[in-house]
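Chain by chain, the residues run as shown.
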Amino acid sequence: MKLIILIVSNKDLNNIISAVSVEGFFSTRISTAGQFLEGGHSTVLIGVKDDEVENLFSVIQKNVTKRVVRKTGVESTLEGSLLKKPVDVEEYGGVAFVIDVEEFRKF
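Every chain's residues receive numbers from 1 upward, in the order its sequence appears when written. With the structure being a predicted model, the display of local features is reserved for residues of pLDDT at least 70 and the display and counting of side-chain atom pairs for 80 or more, all residues being used for whole-chain, interface and lining totals. Excluded from the side-chain calculations are hydrogens and water; all other atoms, namely the structure's heavy atoms, are used.

Thoughts on helix 2 (residues 53-63)
Put simply, the test is: Accessibility here uses a 1.4 Å probe with only protein chains present; expressed as a share of the type maximum, an area under 20% marks a residue as buried, one over 50% as exposed, and anything in between as partly exposed. Every helix listed is a DSSP run of H or I at least four residues long, and every strand listed is a run of E at least two residues long, numbered separately from the N terminus. The arc in question is the one traced by the directions running from the helix axis out to the C-beta atoms. Whether two residues touch is decided by their heavy atoms; if any such pair falls within 4.5 Å, the residues are in contact.
Within the span of helix 2, buried status applies to Val53, Leu56, Val59 and Ile60. What you see down the axis of helix 2 is that its buried residues fit within an arc of 125 degrees, all on one side. Structural note: helix 2 exposes Glu54, Gln61 and Lys62 on the side pointing more than 90 degrees away from its buried face. The inward-facing, buried residues of helix 2 abut strand 1 (2-9), helix 1 (10-22) and strand 3 (41-48).

If you want it as structure tokens, here you go:
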């Protein structure tokens, strides 16, 4: 068994929760803050059988959106006025971690 820890943009959260539920996966949403994604995100915990991980990732990938966002003050080693102008940066819609589960029990 695996535990998938999914950090996902709040913009995609409802679509992902609905889609994984339709496919028969159970999930728990936790409101979180951090630096993986900007603009608000949540952490979703999903327990899956080893052979269902790729199916789950396929469902997630269909429901998460990469976005291009405008950022000002992008870090660079260059000097000059260009660094103060907004630039387009690609932002991922989610990050997933797969953890082996040694034991699982329902109570």
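Digging into the confidence of the model for the chain
Caution applies to low-pLDDT regions: their predicted coordinates should not be interpreted in detail. Note the following rule: The pLDDT score gives, residue by residue, the confidence of the prediction method on a 0 to 100 scale.
In the predicted model, the chain carries a mean pLDDT of 85, and the fraction of residues at 70 or more is 81%. Looking over the chain, one finds the lowest element-wise mean pLDDT in strand 4 (residues 67-71), namely 71, and the highest in helix 2, namely 96.

As for the sheet that holds strand 1
To be explicit about the condition: Any two strands are treated as partners once DSSP identifies two or more bridges connecting them. The convention used is that axes are lines fitted to C-alpha atoms, helices contributing only their stretch in contact, and that angles between N-to-C directions extend from 0 to 180 degrees.
If you trace the four strands from one edge of the open sheet to the other, you get 2-3-1-6, paired in antiparallel fashion. Lying at the two open borders of the sheet, with one neighbouring strand each, are strand 2 (27-32) and strand 6 (94-100). Sheet twist, expressed as the average angle between the axes of neighbouring strands with direction ignored, equals 20 degrees. Judged from the six bridges that link them, strand 2 and strand 3 form a sheet pairing that is antiparallel. Counted as the bridge partner of threonine 28 is leucine 45 from strand 3. Along the sheet face, helix 1 touches strand 1, strand 2 and strand 3 and points at about 145 degrees away from the line of strand 1. Along the sheet face, helix 2 touches strand 1, strand 3 and strand 6 and points at about 10 degrees away from the line of strand 1.

Quick notes on the side chain of lysine 2
The residue lysine 2 is located in strand 1 in this model. In contact with lysine 2, not counting residues within four places along its chain, are Ile46, Gly47, Val48, Asp50, Val53, Val98, Ile99, Asp100 and Val101.

Section: the nonpolar core
In summary, soluble globular proteins display a tendency toward joint burial of nonpolar side chains. Counted only if it meets this: Each nonpolar core is a collection of buried residues, namely Ala, Val, Leu, Ile, Met, Phe, Trp, Tyr and Cys, held together in the definition by side-chain atoms within 4.5 Å.
In this structure, Val20, Ile46, Val48 and Leu56 are the most contacted members of the largest nonpolar core, which totals 15 residues. Among the secondary structure elements, those contributing two or more residues to this core are strand 1, helix 1, strand 3 and helix 2. Once residues within four sequence positions are removed from consideration, isoleucine 46 is found in contact with Lys2, Leu3, Ile4, Phe25, Phe26, Ser27 and Leu56.

Regarding helix 1
For clarity, the threshold we go by: Expected helix span is given by 1.5 Å per residue-to-residue step, counting one fewer step than there are residues.
A rise of 1.5 Å per residue sets the reference length of helix 1, with its 13 residues, at 18 Å; its end C-alpha atoms lie 19 Å apart and thus fit the reference within 8%. Every buried residue belonging to helix 1 is among Asp12, Leu13, Ile16, Ala19 and Val20, and all of these are buried. Following helix 1 by one or two positions, glycine 24 adopts a phi angle in the positive range, close to 90 degrees.

Topic: the pattern of salt bridges
For clarity, the threshold we go by: Take a side-chain nitrogen of Lys or Arg and a carboxyl oxygen of Asp or Glu: if they are within 4 Å of each other, that pair is a salt bridge.
Evaluation of the coordinates by the stated rule reveals two salt bridges. With a shortest N-O distance of 2.2 Å, aspartate 100 and lysine 2 are connected by a salt bridge. Remark: lysine 2 occurs in strand 1 and aspartate 100 occurs in strand 6; sequence separation between them is 98 residues. Residue class for lysine 2 comes out buried when judged on its relative accessible area of 18%. When the shortest N-O distance is used, the salt bridge between arginine 105 and glutamate 103 registers 2.5 Å. Residue classification places arginine 105 among the exposed residues on the basis of a relative accessible area of 56%. On the basis of relative accessibility, which here comes to 53%, the residue glutamate 103 falls in the exposed class.

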